[in-house]
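# Observations on chain architecture
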Amino acid sequence: MQTLPKLKISHLDKSFSAGRSRIKVLDDINLEVGDNEFVSLVGASGCGKSTLLSIIAGLQDFEQGEMLVDGTPITGPGRDRGVVFQSYTLLPWLTALQNVEFALRETGHGAKDITEVARQHLDLVKLSRFADRFPSQLSGGMKQRVAIARALSYRPKMLLMDEPFGALDALTRGQMQELLMQIWQEHRLTVIFVTHDVEEAVYLSDRIFVMGLNPGRIKECITVPSARPRPTGIQHDRDVLELQARVLKSIREETSRVEFE
Ligand SMILES: Nc1ncnc2c1ncn2[C@@H]1O[C@H](COP(=O)(O)OP(=O)(O)OP(=O)(O)O)[C@@H](O)[C@H]1O
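Everything numeric here is computed off the predicted structure, so don't read it as measured data. (Residues numbered from 1 in each chain as written. Predicted model: local features only at pLDDT ≥ 70, side-chain atom pairs only at ≥ 80, totals over all residues.)

The environment of the ligand is made up of F16, V25, G43, S45, G46, C47, G48, K49, S50 and T51. Each residue belonging to the shell around the ligand can be placed in one class, and the counts come to 3 nonpolar, 6 polar and 1 charged. (Near = placed C-beta within 6 Å. Nonpolar A, V, L, I, M, F, W, Y, C, P; charged D, E, K, R; others polar.)

See below:
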């Protein structure tokens, strides 16, 4: 028996209004993501990565096509999909703990349970000691860890991440990548990860969807064969560097095609 993909997108189109006309930003998107798979979306700026991710999150509609999660059409945002954006989107007047608790309202948990679950998730991202700090008292990496704890607190099966480490310095970014790998491996989530950073995409992903430009579409899908768990430093192995170069070439081909059109 064939297993159902976690996410299946077929013939999806998306346009935005531009004055009186409409501009197609996503054209005939077809992709499948398996259960527990880690995939990245990469491509030149403006190719529609964030638009596609927010459609998967149910935050934007689309005109044509079909999108199924576990075989069921998506009709809007849902607790089966956690979302983490580049900007931390924490509520500044709430502490780290309260930010996570806030996401757990309306989950049917009692107040005591909510605090317990929120604490467990701060622990998961190694922030227990900072539970009572306000966002302004946390570093960028810590804020993003709260955002991850919040997104995971209601136990989604799919985590959608839009450039989550894009604003962090290189060292913190590396630490966050490792933390994410660890959480993904322990909790068996399906992750869809948007990034500009090819090294990051190759390090984290099972497969990389390279998107084409004008209109945005899936240009090619590249499998990353490196075994897991992947040790730190693997980014500099020869075969990994070659794969990074291949992904970069695929993105660049597209930008030069558009420049010369
Ligand atoms: N709300 C909107 N209204 C009109 N056009 C939009 C809207 N949102 C996005 N676009 C356009 O859709 C295209 C895709 O944008 P999107 O942000 O998805 O690209 P991206 O690949 O994520 O870009 P980047 O890598 O720079 O973040 C762009 O041309 C953008 O200008």
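With that settled, the discussion passes to the environment of R145. Relative to the helices and strands, R145 resides in helix α4 (residues 140-153). The spatial distance from the C-alpha of R145 to the C-alpha of V125 is 5.8 Å, given a sequence separation of 20 residues. Setting aside residues no more than four positions away along its own chain, R145 makes contact with V125 and L127. (Helix = DSSP H or I, 4+ residues; strand = E, 2+ residues; numbered from the N terminus. Contact = placed C-beta atoms within 7 Å.)

Next up on the list: the pairing of strand β4 (residues 64-69). Strand direction decides the pairing type here: strand β1 (residues 7-18) and β4, joined by 5 bridges, are antiparallel. Opposite I9, over in β4, you have M67 as the bridge partner. Bridge count between β4 and strand β5 (residues 72-73): 2 bridges; the pairing is antiparallel. If you follow V69 over to β5, its bridge partner there is T72. Connecting β4 to the next strand, β5, in antiparallel fashion are 2 residues, including D70 with a positive phi near 50 degrees. (Pairing = 2+ DSSP bridges.)

Once that is clear, we can look at the environment of L12. Position of L12 among the secondary structure elements: in strand β1. In sequence terms L12 and M67 are 55 residues apart; their C-alpha atoms lie 7.7 Å from each other. Apart from the residues lying within four places of it in its own chain, the contact partners of L12 are L26, I29, F62, Q64, G65 and M67.

Here the focus is the nonpolar core. I56, V100, L160 and I192 are the most contacted members of the largest nonpolar core, which totals 62 residues. Per-element tally for this core: the top contributor is α4, with 6 residues. What I192 contacts, discounting residues up to four positions off in sequence, is V33, V39, L41, L53, I56, M158 and L160. (Core = buried A, V, L, I, M, F, W, Y, C linked by C-beta atoms within 7 Å. Buried ≥ 20, exposed ≤ 12 C-beta atoms within 10 Å, placed from the backbone.)

Attention now moves to the UniProt feature "domain: ABC transporter" (unreviewed entry) in the chain. Per the UniProt annotation, the sites labelled "domain: ABC transporter" (unreviewed entry) are residues 7-234. Between the end C-alpha atoms of residues 7-234 the distance is 29 Å, and the span holds 30% helix and 29% strand. (UniProt positions renumbered as here; feature names shortened; annotations may be inferred.)

This next bit is on the sheet that holds strand β10 (residues 217-223). Judged by pairing direction, the sheet is mixed, and its 6 strands sit side by side in the order β6-β7-β8-β3-β9-β10 without closing on themselves. Only two strands of the sheet have a single partner each, and these edge strands are β6 (81-84) and β10. Averaged over all pairs of adjacent strands, the angle between strand axes in this sheet comes to 20 degrees, irrespective of strand direction. Bridge count for strand β9 (residues 207-212) against β10 is 6 bridges, and the pairing is antiparallel. When the sheet's bridge partners are listed, F209 is paired in β10 with C221. (Axes fitted to C-alpha atoms, helices over the stretch in contact; angles between N-to-C directions.)

Spanning 14 residues, α4 covers 20 Å between terminal C-alpha atoms, matching the ideal 20 Å at 1.5 Å per step. Taking burial as the measure, the 14 residues of α4 include 11 buried ones, the bulk of the element. When α4 is considered as a whole, its buried residues turn out to be K143, Q144, R145, V146, A147, I148, A149, R150, A151, L152 and S153. (Expected span 1.5 Å × (residues − 1).)

Every α-helix carries 3.6 residues per turn, so stepping three or four residues along brings you back to the same face. An ideal rise of 1.5 Å per residue puts 32 Å on 22 residues; helix α7 (residues 238-259) measures up with 31 Å between its terminal C-alpha atoms. Every buried residue of α7 is accounted for by L243, Q244, V247 and E254. All buried residues of α7 lie within an arc of 105 degrees about the axis, which places them on one face of the element. Those residues of α7 that are exposed and aimed more than 90 degrees away from the buried face are R238, D239, E242, A245, K249, R252, S256, R257 and E259. In this structure, the buried residues of α7 make contact with β3 (38-43), α6 (198-204), β9 and β10. (Arc of directions from axis to C-beta.)

Residue P215 follows N214 across a cis peptide bond; omega there is -5 degrees. Mapped onto the elements, P215 comes out in the loop between β9 and β10. Residue P229 is bonded to the preceding R228 through a cis peptide linkage, with omega at -5 degrees. Summarising the element assignment, P229 is placed in the loop between β10 and α7. We note that E163 has phi near 45 degrees; this positive angle belongs to a residue other than glycine. With respect to the secondary-structure elements, E163 resides in the loop between β7 (158-162) and α5 (170-187). The phi torsion at N214 lies on the positive side, around 50 degrees, for a residue other than glycine.

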